[in-house]
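Chain and residue survey
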Amino acid sequence: TAAEELLRQSGRSLSLEWRRADRPGMARESYLLDRNLLREIFENLLSNALRFAAERVRIELAVEDQLLVMTVSDDGRGFSEEALRRACDTYYTEEKNSAEHFGIGLAVCRILAAKHGGALRLANCAEGGAAAVVTLDGILGWDEVRDCQR
């Protein structure tokens, strides 16, 4: 996939963690997601993290309060104050004279997350680096899918 190629070319390390809420009834067993939408979000966030990471990129998938939460973080310089406010704006970039990056990736992620009933949040990590957190809501459990098919 494109994400695997990005990782291979970057030479950086990647860690993946899956967490699940341990409270009964808080997490569904199965989720119905738009695969292409999720892939687009994932590849955009991974591409950004690989571009800005010093050595490490971390991906965490979790289920919290019925939401699928994907966090992609790196150990790079983090977001500037202005980027924290504006990075999801279409065409915003702090990379001047870039022929490859036009400032639309995070805007696309924000729009796609919203289409899946979720949101995109950006933050700086306490230990340094940046984090992009996507929550996806409005996710149907398999029982609801079966009900829709009747």
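The sections below set out a description of the structure shown in this document.

Rules used in this analysis
- Residues numbered from 1 in each chain as written.
- Predicted model: local features only at pLDDT ≥ 70, side-chain atom pairs only at ≥ 80, totals over all residues.
- Heavy atoms only, no water.
- Helix = DSSP H or I, 4+ residues; strand = E, 2+ residues; numbered from the N terminus.
- Expected span 1.5 Å × (residues − 1).
- Buried < 20%, exposed > 50% of the residue type's maximum accessible area, 1.4 Å probe, protein only.
- Salt bridge = Lys/Arg side-chain N within 4 Å of Asp/Glu carboxyl O.
- Contact = heavy atoms within 4.5 Å.
- Core = buried A, V, L, I, M, F, W, Y, C linked by side-chain atoms within 4.5 Å.

1. A closer look at helix H2 (residues 35–52)
- Over its 18 residues, H2 extends 26 Å from the first C-alpha to the last, a length consistent with the 26 Å expected when each residue adds 1.5 Å.
- Here H2 has its buried residues at Leu37, Ile41, Glu43, Asn44, Leu45, Leu46, Asn48, Ala49 and Leu50.

2. Considering the pattern of salt bridges
- Tallied over the entire structure, the rule returns 3 salt bridges.
- With a shortest N-O distance of 2.9 Å, Arg86 and Glu82 are connected by a salt bridge. Taken as a pair, Arg86 and Glu82 lie in helix H3 (residues 81–86) at a separation of 4 residues, close to a single helical turn.
- Overall, Arg86 belongs to the partly exposed group, its relative accessible area being 35%.
- Of the charged contacts, one joins Asp89 and Arg86 as a salt bridge, the two residues approaching to 3.5 Å between their closest N and O atoms.

3. What to know about the environment of Gly103
- Within the fold, Gly103 resides in the loop between H3 and helix H4 (105–115).
- The exposure class assigned to Gly103 is buried, which follows from its relative accessible area of 16%.
- Taking C-alpha positions, Gly103 is 7.7 Å from Ala87, a pair spaced 16 residues apart along the chain.
- Setting aside its immediate chain neighbours within four residues, Gly103 contacts Asp89, Thr90, Tyr91, Tyr92 and Thr93.

4. A closer look at the nonpolar core
- In terms of nonpolar packing, the biggest core is built from 26 residues, with Ile41, Leu45 and Leu120 touching the most fellow members.
- Of all elements in the fold, only H2, strand E2 (56–64), strand E3 (67–74), H4, strand E4 (119–124) and strand E5 (130–136) reach the threshold of two or more residues within this core.
- Ranked by residue count, the leading element in this core is H2, at 6 residues.
- With sequence-adjacent residues up to four places away left out, Leu120 is seen in contact with Leu45, Cys88, Leu106, Cys109, Arg110, Ala113, Ala132, Val133 and Val134.

5. Some details on the side chain of Ser73
- Structurally, Ser73 is set in strand E3.
- A residue is classified by how much of its surface remains accessible, and Ser73, at 9% relative accessible area, is buried.
- Residues in contact with Ser73, not counting those within four places in the same chain, are Ala49, Arg56, Val57, Arg58, Cys125, Ala130 and Ala131.

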